[in-house]
Amino acid sequence: MLILKFGGSSAGSPKGIEQIISILGDKEHAGNVPAVIVTAFSGVTDSLIALANTALSGEKYSKQVEEISNRHIDCASYFLKGLDRKNALKEIEIIIVHLSQILDGISLLRELSPRSLDLVMSFGERLSAQLLAFILCANNIKAVFLDARDLIKTDSKFGKAEILRKETEDNIRAHFKSVKKTVQVVTGFIGSTIEGHTSTIGRGGSDLSAAIFASALGAKKLELWGDVDGIFTADPALVKNAFCIDEISYVEAMEISHFGAKALFPPSVKPALEKGITILIRNTFNYSGSTGQKFEGTKISANAVSGKYPIKGISSISSIALVRIQGTGMFGVAGFSARVFGALARKSISVMLISQSSSEYSICFAILPQDIQEADAILKEEFQNEIRNGSIEKPVIEKDLSIIAVVGSAMKSVSGISGKFFHALGRNGINIVAIAQGSSETNISAVISSADEGKALNAIHDAFFFTQQRSVNLFLIGTGLIGGTLLDQIAENSERLFNKDMIKINLIGAANYDKMLFSLDGLEPKKVKGMLTTAGKVAGTEQIEVGKKGALAFVERMTSLNLPNSCFCDCTASEDIAALYEKILHDSIAIVTPNKKASSGSLDYYTRLTTYSRERGIPYLYECTVGAGLPVISTLRDLFLSGDKVIRIEAILSGTLSFIFNNFDGSIPFSALVREAKAKGYTEPDPRDDLNAMDAARKVLILARECGLSIEFKNVTIEPILPQSCFNAKDIDAFFAELQKSDADYEKRRAKADAEGKKLRYIAVIEEGKAKLSLRAEGEESPFTKLVDSDNMVVITTNRYSKLPMVIKGPGAGAQVTAGGVFADIVRIARTLV
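This text gives an overview of the structure that appears in the document. On a predicted model such as this, the values are computed, not experimentally measured, just so you know. (Residues numbered from 1 in each chain as written. Predicted model: local features only at pLDDT ≥ 70, side-chain atom pairs only at ≥ 80, totals over all residues. Heavy atoms only, no water.)

### A closer look at the overall build of the chain
- If you tally the helices and strands in the chain, you get 30 helices and 32 strands.
- For 834 residues, the compact-globule estimate of 2.2 N^0.38 gives 28 Å, and the C-alpha radius of gyration of the chain, at 37 Å, exceeds that figure by more than 25%.
- Based on the C-alpha atoms only, the size of the chain along its principal axes is roughly 120 × 70 × 55 Å.
- Here the chain holds 834 residues, and the buried ones make up 54% of them.
- Of the contacts made within the chain by residues no fewer than 6 positions apart, 72% connect residues no fewer than 24 positions apart. (Helix = DSSP H or I, 4+ residues; strand = E, 2+ residues; numbered from the N terminus. Rg over C-alpha atoms; globule rule 2.2 N^0.38 Å. Buried < 20%, exposed > 50% of the residue type's maximum accessible area, 1.4 Å probe, protein only. Contact = heavy atoms within 4.5 Å.)

Below you can see the structure in the form of structure tokens.
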């Protein structure tokens, strides 16, 4: 025997009703379904409540009544013809006339009691069940309408009446003994009091109606059909990669539905649990009886299989308030908690979560926001004496909070669940206000800010269900040479990266100096540059003009999205953007950048960034600020972590200067060599921007700080390469004219070095707490004389590497290597996620 319940989305549309006909007529269900419980068409109950309030206000409501009537008439006309249609329309008319009379009474008396409202709400189920019975009969399924008010008896708590189990189940069994083998199409959600007054049994009450029928009749299964595939591992509206749970236990289902899973109404599990009835949550629209293809949905039973994951699902309650009571008057006082919850019970205030400190100094609990004022008042009344004498403080109420919970029976036998849960939250900067865990170890709950709910659910879901997969939500600003190359590298390597290392990079936002684009579904890296330069709206994206706020607008939108595992990548050289790094880190967003401005800015700013990153565990990676893609900074950090001590660093850190002096062999004048470097793209448009050695000095400053030196940029000694007259030149042509005047001086210095068997190199040195850059003559034994083209080199002498220093050598500039280094840092962030 199977009892089926169909929700409003199933019974309220032609497509849904066609599926119901198909389901009831298939081999699995035909002849095995004595009762089908139905709810009102989707949206009708809300419309009826609005109608009742319209009548109460004295406004006209005939048009809204007509709309409800027409919706059912249209459905009847779609499925029925001839006499069947005529009879169905007559029944609809009778019910609508009755509804209008009730509304007239409310309007006339200007009174809407809970009892009257229940009566008005009942018309939705009465209309849908009556109509479905007609349609089933017309499709060769013997069916009859059954008004549940004749069988389901409740108390008089209108709006949320309690079912009188014994009387109701006796009535159901007696009724089904007397009826022929026909499908009873039963009104869900409604019942009646012993006195015969119509009542409703609260939100999701149709599930409970169905469970009561299943319990009374001893059904083997209870199938709850709706528009979702089953109970999901998380809310699919908030967590895109949530998936349907195949099997779950009664206890797990109760826990997960208590914390907001919408596919199940918690009380409906209770009658099934008592009788050992299996519950199936199934999707009316993901089923095809004609082809035999079935999606089984979620099975709820007493002995559910544990499955391959340590938890079954994650759920949440979006809007709650936390009430905290504290004071020295609580210490060792027996019955204190009983007074708290007894006072709340007297006002029928439901408590969803309780947490108490072991010191007995405080207790807090979660309630619904609509109960705040009443809870505050009753608690102040209950503890007025203690509050007056100061032994108990006034209740403290925190609003705009949510509860998140992980649920699973296997948690009790698997260690590390709590650690993974809290790490996922902490890693993403989500503050926990309160914590609770049941003694059954079936769930762990935490209260967090409502603003962090979606972020928390996604972070926890990835941590438990996609343990091997790492994902980064990337926000890129700057799509020029380096940023554009990075986009190409991501596009070319994303498939390999996911298949080989289970790392997924989701490009959520991108910006240049004119426009910014965002897409929660992800932007295609290959198309981003074109999209940013395309005039007008780009389909499928959120587009924001940069405006006066500049990069701040991009950062604010990134922060407001509040996505887990977010990473901000700055591929500009902007000082203004670097100034935003502190705000970004404080929003728990990782940073990857080749922009030197932050790390070579003020020592105070550098220290604040690196300290906050280290203490909070939020990555701030700037490997590419020194030596492009060369692993210089990470190597230094590894040396320090392993206990080594740096004695000296010598380095050539400018690709431009490296090219010039590597090729300065006297064959052509120095000025001509600089012209050649400019022509080959080794210098900035104005070569002085490279030959002033400022860029190299910034890199030296960063390395010095990584070695622990507390120095500012002004403390870096820079030997000028060019005479002052070159810097005073009004334009580039004038600069080269001045430089040409110094060719003889450069050649004299080169020749002197050559005579000594040496070569000129512009080298940075960090030693004995100082940093300097100077032009030196290096002998053949020097590794710097072996450099070619524009290569960089860093020579590190430490306690361990004293006789033979460590040498790091390679291209220190270029879009490919720099973008590759940035890409590597992004991947490094993904690998740190647990």
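### Some details on the sheet that holds strand β29 (residues 758-767)
- Across the sheet, six strands lie side by side as β28-β30-β29-β27-β31-β32; this open sheet has mixed pairing. Two strands bound the open sheet, and with one partner strand each, they are β28 (716-718) and β32 (806-811). Put simply, the sheet's adjacent strands are angled 25 degrees from each other on average, direction ignored.
- In the sheet, strand β31 (residues 791-798) pairs with β32 via six bridges, with the strands oriented antiparallel. Across the sheet, Asp-791 pairs through a bridge with Pro-811, a residue of β32. (Pairing = 2+ DSSP bridges. Axes fitted to C-alpha atoms, helices over the stretch in contact; angles between N-to-C directions.)

### Comments concerning the nonpolar core
- Phe-568 and Tyr-581 are the most contacted members of the largest nonpolar core, which has 83 residues in total.
- Top element by residues in this core is helix α26 (residues 694-706). It accounts for seven residues.
- The residues contacting Phe-568, other than those within four sequence positions of it, are Phe-475, Ile-477, Phe-554, Val-555, Met-558, Ile-577, Tyr-581, Ile-584, Ile-589, Ala-590, Ile-591 and Val-592.
- Counting 51 residues, the second largest nonpolar core, distinct from the first, contains Ala-40, Cys-75, Leu-89 and Trp-225. (Core = buried A, V, L, I, M, F, W, Y, C linked by side-chain atoms within 4.5 Å.)

### Re the pattern of salt bridges
- For the coordinates displayed, the defined rule picks out 41 salt bridges.
- A salt bridge links Arg-831 to Asp-501; the shortest N-O distance between them is 4.0 Å. Of the two residues, Arg-831 sits in helix α30 (residues 815-832) while Asp-501 sits in helix α16 (residues 481-501), which places them 330 residues apart along the sequence.
- When its relative accessible area of 57% is taken as the criterion, Arg-831 is described as exposed.
- Here Glu-706 ties to Arg-637 by a salt bridge, and the two come within 3.1 Å at their closest N and O atoms. With Glu-706 in helix α26 and Arg-637 in helix α22 (residues 632-641), this residue pair connects regions lying 69 residues apart in the sequence.
- Judged by relative accessible area, which is 32%, Arg-637 ranks as partly exposed. (Salt bridge = Lys/Arg side-chain N within 4 Å of Asp/Glu carboxyl O.)

### Overview of the state of the cysteines
- The tally for this structure, following the rule as stated, stands at zero disulfides.
- Between Cys-137, a cysteine without a disulfide, and Cys-75, which holds the nearest cysteine sulfur, the sulfur-to-sulfur distance is 15 Å.
- With relative accessibility at 39%, the residue Cys-137 sits in the partly exposed group. (Disulfide = S-S within 2.5 Å.)

### Section: the sheet that holds strand β3 (residues 143-146)
- Strand order in this open sheet of eight strands is β3-β5-β2-β1-β8-β10-β13-β9, and the pairing throughout is mixed. Every other strand in the sheet has two partners, leaving β3 and β9 (247-249) as the edge strands with one partner each. Across the sheet, the mean angle from the axis of one strand to that of its neighbour is 20 degrees, orientation sign disregarded.
- In this structure, strand β8 (residues 221-226) lies alongside strand β10 (residues 278-283), joined through six bridges in parallel fashion. Bridge assignment links Glu-223 to a residue of β10, and that residue is Leu-280.

### Concerning the packing of helix α3 (residues 44-57) against helix α4 (residues 62-79)
- Running from N to C, α3 and α4 point in directions that differ by 155 degrees, and their axes come no closer than 10 Å. Viewed along their axes, α3 and α4 adopt a mutual orientation that is roughly antiparallel. Seen from above, α3 lies across α4 with left-handed handedness. On α4, the residues that touch Val-44, Ser-47, Leu-48, Leu-51 and Thr-54 of α3 are Gln-64, Val-65, Ile-68, Arg-71 and His-72. (Parallel < 35°, antiparallel > 145°, perpendicular 65-115°, else oblique. Left-handed = near helix turned anticlockwise from the far one by under 90°.)

### Focus: helix α28 (residues 732-741)
- Within α28, burial applies to Phe-735, Phe-736 and Leu-739. All buried residues of α28 lie within an arc of 95 degrees about the axis, which places them on one face of the element. Facing away from the buried surface of α28 by more than 90 degrees, the exposed residues are Asp-733, Gln-740 and Lys-741.
- The elements touched by buried residues of α28 are α24 (670-679), α25 (688-691), α27 (724-728) and α29 (743-755).
- For α28, the side-chain oxygen to backbone nitrogen distance between the N-cap and Asp-733 is 3.3 Å, and the N-cap itself is Asp-731. (Arc of directions from axis to C-beta. Polar contact = N/O pair within 3.5 Å; in protein donor to acceptor, adjacent residues only side chain to side chain.)

### Re the side chain of Glu-706
- A residue is classified by how much of its surface remains accessible, and Glu-706, at 11% relative accessible area, is buried.
- At 2.6 Å, the side chain of Glu-706 and the side chain of Tyr-606 are in polar contact.
- Residues within four places of Glu-706 in sequence aside, it is in contact with Tyr-606, Tyr-622, Ile-633, Leu-636, Arg-637 and Phe-640.

### Description of the packing of aromatic side chains
- The tally for this structure, following the rule as stated, stands at 23 aromatic pairs.
- With a centroid separation of 6.0 Å and an interplanar angle of 65 degrees, the aromatic rings of Tyr-581 and Tyr-620 are classed as edge-to-face. Linking Tyr-581 in helix α20 (residues 581-586) with Tyr-620 in strand β26 (residues 620-621), this pair joins segments that are 39 residues apart in sequence. Summarising the burial analysis for this pair, Tyr-581 and Tyr-620 share the class buried.
- Three or more aromatic residues joined by ring pairs form one cluster here, namely Phe-475, Phe-518, Phe-554, Phe-568, Tyr-581, Tyr-620 and Tyr-622.
- Positioned above the aromatic ring of Phe-736, the side-chain terminus of Arg-675 is 4.1 Å from the ring centre. (Phe/Tyr/Trp six-rings, centres within 6.5 Å; stacked < 30°, edge-to-face > 60°. Lys NZ or Arg CZ within 6 Å of the ring centre and 35° of its normal.)

### Here we look at helix α5 (residues 82-109)
- Over its 28 residues, α5 extends 41 Å from the first C-alpha to the last, a length consistent with the 40 Å expected when each residue adds 1.5 Å.
- All buried positions along α5 are accounted for by Ala-88, Leu-89, Ile-92, Ile-95, Ile-96, Leu-99, Ile-102, Leu-103, Ile-106 and Ser-107.
- Against the buried residues of α5 lie α3, α4 and α6 (114-138).
- The positive-phi residue at the C-terminal boundary of α5 is Arg-110, with phi of around 50 degrees. (Expected span 1.5 Å × (residues − 1).)

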